[in-house]
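These are the residues of each chain, in order.
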Amino acid sequence: MMAGVIRRLDETVVNRIAAGEVIQRPANAIKEMIENCLDAKSTSIHVTVKDGGLKLIQIQDNGTGIRKEDMEIVCERFTTSKLQKFEDLTAISTYGFRGEALASVSHVAHVTITTKTADGKCAYRASYCDGKLKAPPKPCAGNQGTQITVEDLFYNVSTRRKALKSASEEYAKIVEIISRYAIHNSGKSFAVKKHGETVADVRTLANASTVDNIRAIFGNAVCRELIEVGCEDPNLAFNVKGYVSNANYSMKKCIFLLFINHRLVESSALKKAIEAVYAAYLPKNTHPFLYLSLEIAPHNIDVNVHPTKHEVHFLHEDSIVESVQKHIESKLLGSNSSRTYFTQTLLPGPAISSDDVLKPASSSAAAGASDRVYAHQMVRTDFRAQKLDAFLQPANKTQTEPSELAVSECGSSRQPEQCDMDMQELNDADLLAGISEDLDIEDFMGDVKETGDSENSSLVNPPPRKRHRIGSDVEMKDDEGASDTTAASVPKRRIIKLTSIKELRSEISEQAHKGLQEMLQNHSYVGCVNPQWALVQHQTKLYLLNTTKLSQELFYQILIYDFGNFGVLRLSTPAPLYDLAMLALESPESGWTEDDGPQEGLAQYIVEFLKKKSEMLYDYFSMEIDEEGNLAGLPLLLDNYIPALEGLPMFILRLATEVNWDDEKECFESFSRECSMFYSIRKQYILEDPALLEQQTEELGSSGTSWKWTIEHVVFKAFRTLLAPPKHFTEDGSILQIANLPDLYKVFERC
C-alpha cells in the first residue's frame, strides 16, 4: 500500500473549516457580533432576523465604529484591535481577541458593513466574500456606529444548512442568546425582532436594572421570588454576584445564566453543585432560576480553550465552586422561614359533581379487582358521622341570673367595617375594651331571649313564634315539620303570595351552584382557622371556606324563604333607637361629617323614620319597635344563634340610610342584605382569646357558648340544609380548594 501524499490545503478550504468551528449556527454568529458591539462601547444594540437567521441577520449598534483605513482587512483572519502579543492574553478584558468572528462569517455568508466613527464626516459601506473586500468602501449616509448585514448564511456549506433545525427553533436560540446578554448588560438597550415585524420579541431599556430585565424577559413569576447573592474571597481572587430563585419558585427546566469575566459560558461543575443545594428545597424533577456573574483575576483564567469561547478554565475551580455553593445555601436557609402558596378559587363545572363520588375505604374489601380504590383515592371520613360535643352545648356561665348582652360604642376602639365585608384585623384586648365602655348599657339592653307565645320560654331550642294573621297576601297552613307536637300546639305557617318575594326566591334558585351545594351537604367539618375562615373536607379534597360570606348568604336566604314566619329574639330591656343611632353616628364607619348636620338631629330623624316603618317590620320580619322608639325584639333566624350585638348600632343606622324603602322588591332585598350582614359571623366582633372571653363572661354575664361550637354545630349545620350557594362563590375567593389527596401523593412520592 502506497503512503498518502501530504499536501498543503487551499486557503479557501482552511478558512471554511475554521469558520465551521466558530459559526455552528446563526445564534453563534449573532453571539460573536454582539460581543464585538459591546467591545465597541455600544449602549444600544438592535438585531433583525429573517428565516431564523439563514436568510438575513442585521445588527445595528451605536459604538465607536470602524476606521475607513481598517475596512480592507476587517474580515481577514487574525486581525484584531484587542491583542498585540501573546502575553496580553493573561490580562485580556475584552470579549474578542483572535480576530476570527467576522472572518468566519464572511467565509460562509455574504457580509455588508456600514460604519461611521465619531470624527468621520460620513459613513462608509463595503461588501465582503471569503474574507476579502469586493470593492473599495463607498461613502454613504449613516448614523454613529456600525451596521453589519449577513445574508444567505451557509450558502456554500449545504450539509451544515440542511442539518440545522427549523427557522422557528433557530430564532428561539437567537432570542435566548440576546436575552442572556441583555440581563447581564443592564444599562444597555437590546432589541430583537423578526424581519418585517414592528414589535420586538425582546426589548430592554438603557435605564433598566438587572431585575427589571429579568422581569421583562422571564416574567413576574420569577422576578418576585428572586434572592440577591454576592460574595468575594481575596485569597481565591474572585467575587460573585447575581440573583437566584428562592424555595417558593421552581420550573421544569433549569435556567442557568453564567457569566465569567462577562463572558457567557457554561460550567457543569458549578451547575451540579448549586442544583444539589436546591434538591433539598424544591419538589422532585423541578429546578431553579440562576443568574450569576463571576469575576476572576485575569491571570487565573484561560479563555482560549474553545473555538466559540463557551468554556473557560480557571485556577482553584473546586474551591471557588464550593464557596459559591455554600453562599447560595446560606441565602436559601435565610429565605426558608416562610413559604408562599398560591391557591385557585373553586371553578365551576365537573370539579364537584355527584359523578365524582368515591367509594369509602370499607367498600374496597368486598369489591373486585376492577373496583379497587387505591390509597390516593380513598375517602377516610364519613360526613354522616356526628361528634359527641354536638350534644354537649356549653351552658351559660350564670344560669340563675339573667344574662346581659351589651352594645358597645362602635367608634371608641375599633376600625370601621368595610361594606364589602373585608374584615379588619382586631386584637381581643381592643374588642374587650370597646365592650366595657363607661356607657350604662343596662339602661337599654338586657337579656336576649328566644320567645314563642310566652315570655318565659327557654333559651335552648325554643318553639318558633308562628302568628296567625289574616290578609290578602297570605294564607295559613299547618307546619308539616312539627310532627312531634300536639294538635293544640301545632303552629300555622303563612304562605307568602307576594310577587316580589317569589321573584327573589326564583333568583336564588337560578343562581345556585349544584356542585357547591352538594359539597356543603356532604362535607366533613375539619375546624376553624379563625372566626372568618374554616376548613372542610369533601371526598379527597380540602377546602377553605369564608365563614363570613357564607353565613351572610345563609341568613339572606333564610330571610327570603321564611319571610313573614320568624320567631322573636326579645330584649328583656328595650334598646332606645336614639342611643343606638348616636353610637353609630359617633363611629368613623358611619362617615358622618359636620356638613351632614348635628348628630342629635339625624338620630332623632332615624327614630321617627323607623317608627313609621315599625308595623311593616314587625309583620314581615318580627322586628319589634315600640311607640316610644325602643327596639324590643329582633327576628329569630336560627335556633341557638344570637348575632353579635356590637354591630346593632350600625345595623340601625344602615336600615335608615341603605335600604330602598320606595320599591317593594328592592326594599325586601336591601333590608334582607343589611340584616344578613348584621347576623353574619364577623371577626371583629368575636373574642378569640379564651382568657379574654372568660373575663367578658364574668363581667357582663354573657352567654358562655363558644364561637367555635356555634360555627360548627349551628352555622355549618345550617349550611348543609338551608344554603343554596350562588355561582359567584366559585370566583370571588369565598371557597378555595387548598389540597387534593391525589396531588399530595404526587408531591410526597419522593419521600
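Residues numbered from 1 in each chain as written. Predicted model: local features only at pLDDT ≥ 70, side-chain atom pairs only at ≥ 80, totals over all residues. Heavy atoms only, no water.

1. Describing the pattern of salt bridges
Close approach of charged atoms allows side chains with opposite charge to pair. One pass over the structure, following the stated rule, counts 14 salt bridges. Here R25 makes a salt bridge to E170, at a shortest N to O gap of 2.9 Å. Highlighted residues: R25 in the loop between helix 1 (11-22) and helix 2 (26-39) and E170 in helix 5 (residues 167-184), separated in sequence by 145 residues. By relative accessible area, R25 is classed as partly exposed at 24%. Note that K31 and E35 form a salt bridge whose closest N and O atoms lie 3.1 Å from each other. Taken together, the positions of K31 and E35, both in helix 2 and four residues apart, correspond to about one turn of that helix. Taking the relative accessible area as the measure of exposure, K31 reaches 6% and is therefore buried. For E35, a relative accessible area of 3% translates into the label buried. One connected set of salt bridges, linked through shared partners, spans E503, E507 and K665. (Salt bridge = Lys/Arg side-chain N within 4 Å of Asp/Glu carboxyl O. Helix = DSSP H or I, 4+ residues; strand = E, 2+ residues; numbered from the N terminus. Buried < 20%, exposed > 50% of the residue type's maximum accessible area, 1.4 Å probe, protein only.)

2. A closer look at the state of the cysteines
Taken as a whole, this structure holds zero disulfides when the rule is applied. Considering cysteine sulfurs only, C140 is the nearest to C122, which forms no disulfide, with 7.1 Å between them. (Disulfide = S-S within 2.5 Å.)

3. Observations regarding the environment of W661
Examined against the element boundaries, W661 turns out to sit in the loop between helix 18 (648-657) and helix 19 (664-679). Relative accessible area serves as the criterion here: at 14%, W661 is assigned to the buried category. Taking C-alpha positions, W661 is 8.8 Å from F671, a pair spaced ten residues apart along the chain. Excluding residues within four positions of it along the chain, W661 makes contact with F609, K613, M616, L617, L655, C667 and F671. A distance of 3.0 Å separates the side chain of W661 from the backbone oxygen of L655, its partner in a polar contact. (Contact = heavy atoms within 4.5 Å. Polar contact = N/O pair within 3.5 Å; in protein donor to acceptor, adjacent residues only side chain to side chain.)

4. Some details on the pairing of strand 26 (residues 630-636)
In terms of residue burial, strand 26 counts as a mostly covered element, since seven of its seven residues are buried. Pairing between strand 24 (residues 567-576) and strand 26: six bridges, direction antiparallel. Residue pairing for strand 26: R570 is matched across the bridge by G633. In this structure, strand 25 (residues 624-625) lies alongside strand 26, joined through two bridges in antiparallel fashion. Following the sheet pairing, E624 is matched in strand 26 by G633. In textbook terms, the turn of a hairpin is the stretch between consecutive antiparallel strands, and for strand 25 and strand 26 this stretch comprises four residues, one of which, G629, has a positive phi near 85°. (Pairing = 2+ DSSP bridges.)

5. Observations regarding empty space enclosed by the protein
Under the counting rule described, the total for this entry stands at three cavities of 30 Å³ or more. The computed volume of the largest cavity comes to approximately 70 Å³. If you go around the largest cavity, you meet eleven residues; those closest to its centre are M650, F651, R654, M677 and R682. Taken together, the elements giving at least two residues each to the lining of the largest cavity come down to helix 18 and helix 19. The class makeup of the residues in the lining of the largest cavity is five nonpolar, one polar and five charged. (1 Å grid on protein atoms, 1.4 Å probe; cavity = no way out; pocket = protein on both sides within 12 Å on 5 of 7 lines; lining within 4 Å. Points joined across faces, edges and corners; volume = space filled by probe spheres on them. Nonpolar A, V, L, I, M, F, W, Y, C, P; charged D, E, K, R; others polar.)

6. Here's the deal with the sheet that holds strand 10 (residues 226-233)
Reading across the sheet, the five strands line up as 10-11-14-12-13 and stay open at both edges, with mixed pairing between neighbours. On the outer flanks of this sheet lie strand 10 and strand 13 (263-264), each paired with one strand and no other. Here strand 11 (residues 238-245) pairs with strand 14 (residues 289-296) via seven bridges, running antiparallel. In the sheet register, K241 faces strand 14, and the bridge partner there is S293.

7. Overview of the packing of helix 14 (residues 547-561) against helix 21 (residues 707-722)
Relative orientation of the contacting elements helix 14 and helix 21 amounts to 60°, with a least axis distance of 11 Å. As far as their axial angle goes, helix 21 and helix 14 are oblique. You can see that helix 14 and helix 21 cross each other, and the crossing is left-handed. Contact residues: helix 14 offers T547, L550, S551, L554, Q557 and I558, while helix 21 offers I711, V715, F716, A718, F719 and L722. In terms of residue class, the contact of helix 14 with helix 21 is built from nine nonpolar, three polar and no charged. (Axes fitted to C-alpha atoms, helices over the stretch in contact; angles between N-to-C directions. Parallel < 35°, antiparallel > 145°, perpendicular 65-115°, else oblique. Left-handed = near helix turned anticlockwise from the far one by under 90°.)

8. Side note on the environment of K717
With respect to the helices and strands, K717 occurs in helix 21. By relative accessible area, K717 is classed as exposed at 57%. Sequence spacing of K717 and Q521 is 196 residues, and the spatial spacing of their C-alpha atoms is 9.0 Å.

9. Looking at the packing of aromatic side chains
Taken as a whole, this structure holds 17 aromatic pairs when the rule is applied. Both rings, one in F555 and one in Y641, keep their centres 5.0 Å apart while their planes meet at 35°; by these two values the pair is tilted. Within this pair, whereas F555 is found in helix 14, its partner Y641 is found in the loop between strand 26 and helix 18, the two being separated by 86 residues in sequence. Residues F563 and Y620 carry aromatic rings whose centres are separated by 4.8 Å and whose planes lie at 35° to one another, so their mutual orientation is tilted. With F563 in the loop between helix 14 and strand 24 and Y620 in helix 17 (residues 614-621), this residue pair connects regions lying 57 residues apart in the sequence. Grouping residues by exposure puts F563 and Y620 together as buried. Within the aromatic cluster, the residues linked to one another by ring pairs are F555, Y641, F651, F678 and Y679. One cation-aromatic arrangement involves R673 over Y556; the distance from NZ or CZ to the ring centre is 3.6 Å. (Phe/Tyr/Trp six-rings, centres within 6.5 Å; stacked < 30°, edge-to-face > 60°. Lys NZ or Arg CZ within 6 Å of the ring centre and 35° of its normal.)

10. Observations regarding the confidence of the model for the protein chain
Taken over all residues, the pLDDT of the protein chain has a mean of 76, while the share at 70 or more is 68%. Low pLDDT (under 50) marks residues 347-370, which in the prediction has 30 contacts with non-local residues, meaning those over four places away or in another chain. Note on residues 697-704: pLDDT under 50 across the span, and 21 contacts to partners over four residues away in sequence or across chains. (pLDDT = per-residue confidence, 0-100.)

11. Quick word on helix 12 (residues 499-511)
For helix 12, spanning 13 residues, the distance from its first C-alpha to its last is 18 Å, which sits close to the expected 18 Å at 1.5 Å a residue. What helix 12 keeps buried is the set S500, I501, L504, R505 and I508. Taken around the axis of helix 12, the buried residues stretch over an arc of 135°, which confines them to a single face. Of the residues in helix 12, the exposed ones pointing more than 90 degrees away from the buried face are T499 and E510. Along its buried surface, helix 12 packs onto strand 20 (492-496), helix 14 and helix 19. (Expected span 1.5 Å × (residues − 1). Arc of directions from axis to C-beta.)

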